[in-house]
Amino acid sequence: QVQLVESGGGLVQAGGSLRLSCAASRSIFANNRMAWYRQAPGKQRELVAVILSDVVRNYADSVKGRFTISRDYALNMVYLQMNSLKPEDTAVYYCNKFMAGTYDYWGQGTQVTVSS
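Because the structure is a prediction, the values reported are computed rather than measured.

## Section: the state of the cysteines
Okay, step 1: Scanning all chains against the criterion turns up one disulfide.
Okay, step 2: C22 shares a disulfide with C95; S-S distance 1.7 Å. Residue C22 is located in strand 3 (residues 18-24), and its partner C95 is located in strand 9 (residues 91-97); the two are separated by 73 residues in the primary sequence. A single burial state applies to C22 and to C95, both of which are buried.

Structure, rendered in structure tokens:
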């Protein structure tokens, strides 16, 4: 069964931190590079971070140096540590395989709201 469950979002002041978690089904986690995406109101979903291997991670320029993606193979979990949050980081955050498309399965996401 395909499943993606994101959690850890919330309301935080600018400069604060949050850690997002994603529980992925083995069918997705075991066979794919994993990523975090976000979608702000009125905007398209964008790739935020991807973990390509144990040592290679890529980030959107807007979050580089502030966000860190990681994964736990034993637990089928993906994490996104977000520091120095800005109001423009406000969005619904989703995890999924890298290069997931519109017609792939998506979880419900987790809302992150950063107040100024």
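## Considerations on the sheet that holds strand 2 (residues 10-13)
Okay, step 1: Taken in spatial order, the six strands make up an open sheet running 2-10-9-4-5-6, and their pairing is mixed. Each having just a single partner strand, strand 2 and strand 6 (57-59) make up the two edges of the open sheet. Between one strand and the next, the sheet's axes are offset by a mean angle of 25°, whatever the strand orientation.
Okay, step 2: By the bridge criterion, four bridges tie strand 2 to strand 10 (residues 110-115) in an arrangement that is parallel. Note that in strand 10 the partner of Q13 across the bridge is S115.

Rules used throughout
- Each chain has its residues counted from 1, following the order in which its sequence is written.
- Residue-level local features of this predicted model are given only where pLDDT is at least 70; pairs of side-chain atoms are given and counted only at 80 or more, and the full residue set underlies all totals for whole chains, interfaces and linings.
- Only heavy atoms go into the side-chain values, all of them from the structure, while hydrogens and water stay out.
- For the purposes of this analysis, a disulfide is any pair of cysteine sulfur atoms at a distance within 2.5 Å.
- The numbering of helices and of strands both runs from the N terminus, where a helix is a DSSP run of H or I of at least 4 residues and a strand a run of E of at least 2.
- Summary of the burial criterion: residues with accessible area below 20% of their type's maximum are buried, those above 50% are exposed, and those between are partly exposed, where the area comes from a 1.4 Å probe applied to protein chains only.
- A pair of strands is treated as paired once DSSP finds two or more bridges between them.
- As a rule, the C-alpha atoms of each element are fitted with a line to give its axis, helices using only the stretch in contact, and angles between N-to-C directions run from 0 to 180 degrees.

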